[in-house]
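Working through the structure, step by step
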Amino acid sequence: MTADLVVALEARGLPTIWVLHELWPPGVLEEELAKRNYSNTTAEVVARALPVCRCTVSVCAAQRALYGPAHGVVTFLGVPEPEPDWRMGAEPSDRRPLTV
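Position numbers for residues count from 1 along each chain, tracking the sequence in the order it is written. Only residues with pLDDT of at least 70 get local features here, since the model is predicted, and only at 80 or more are side-chain atom pairs given and counted; chain-wide, interface and lining totals rely on the full set of residues. Side-chain numbers here rest on the full set of heavy atoms in the structure, without hydrogens or water.

Side note on the packing of helix 1 (residues 3-11) against helix 3 (residues 43-52)
Cut-off, in case you're wondering: Axes here refer to lines fitted to C-alpha atoms; in helices the fit is confined to the stretch in contact. Angles between the N-to-C directions go from 0 to 180 degrees. What counts as a helix is a DSSP run of H or I of at least four residues, what counts as a strand is a run of E of at least two, and both are numbered from the N terminus. Roughly parallel refers to an angle under 35 degrees, roughly antiparallel to one over 145, roughly perpendicular to one between 65 and 115, and oblique to any angle outside these ranges. Each helix crossing is assigned a hand: it is left-handed if the near helix lies turned anticlockwise from the far helix by less than a right angle, otherwise right-handed if that turn is clockwise. Contact criterion: two residues are considered in contact whenever any of their non-hydrogen atoms come within 4.5 Å of each other. Amino acid classes used here: Ala, Val, Leu, Ile, Met, Phe, Trp, Tyr, Cys and Pro are nonpolar; Asp, Glu, Lys and Arg are charged; the rest, including Gly, are polar.
Their axes nearest at 8 Å, the elements helix 1 and helix 3 cross at an angle of 50 degrees. Our classification of the angle between helix 1 and helix 3 gives oblique. As for the relative orientation of helix 1 and helix 3, their crossing is left-handed in sense. Residue-level contacts link Ala3, Asp4, Val6, Val7 and Glu10 of helix 1 to Val45, Val46, Arg48, Ala49 and Val52 of helix 3. Looking at the contact of helix 1 with helix 3, its residues break down into 7 nonpolar, no polar and 3 charged.

And the structure:
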């Protein structure tokens, strides 16, 4: 619901990162925005925002394929498959890579 902000900020030369966390196919977008009483974003505004946003983050490859952003990346927001020795919490310090 922030496509209007992406368009406005990019028009002023301010770079944007847009995280798309909903997967609404064409036709459903309008229904969902109406449920939320949000009138600043329309399908047309989304269509204008996708090619200008400097980094559009999708929650899965299917979402990126659906929207086709010009500068899209995918991050996985799911639950990983459990492994036999899976444990909750951080890795022990001796098993963590050192990053600088």
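Moving on, there is more to tell.
Some points on the state of the cysteines
Threshold: For this text, the term disulfide refers to a pair of cysteine sulfurs within 2.5 Å. Burial classes follow relative accessibility: with a 1.4 Å probe on protein chains only, a residue under 20% of its type's maximum area counts as buried, one over 50% as exposed, and anything between as partly exposed.
Counted according to the given criterion, the structure contains 0 disulfides. The cysteine Cys55 is free of any disulfide, with Cys53 supplying the nearest cysteine sulfur at 6.7 Å. Since its relative accessible area comes to 22%, Cys55 is described here as partly exposed.

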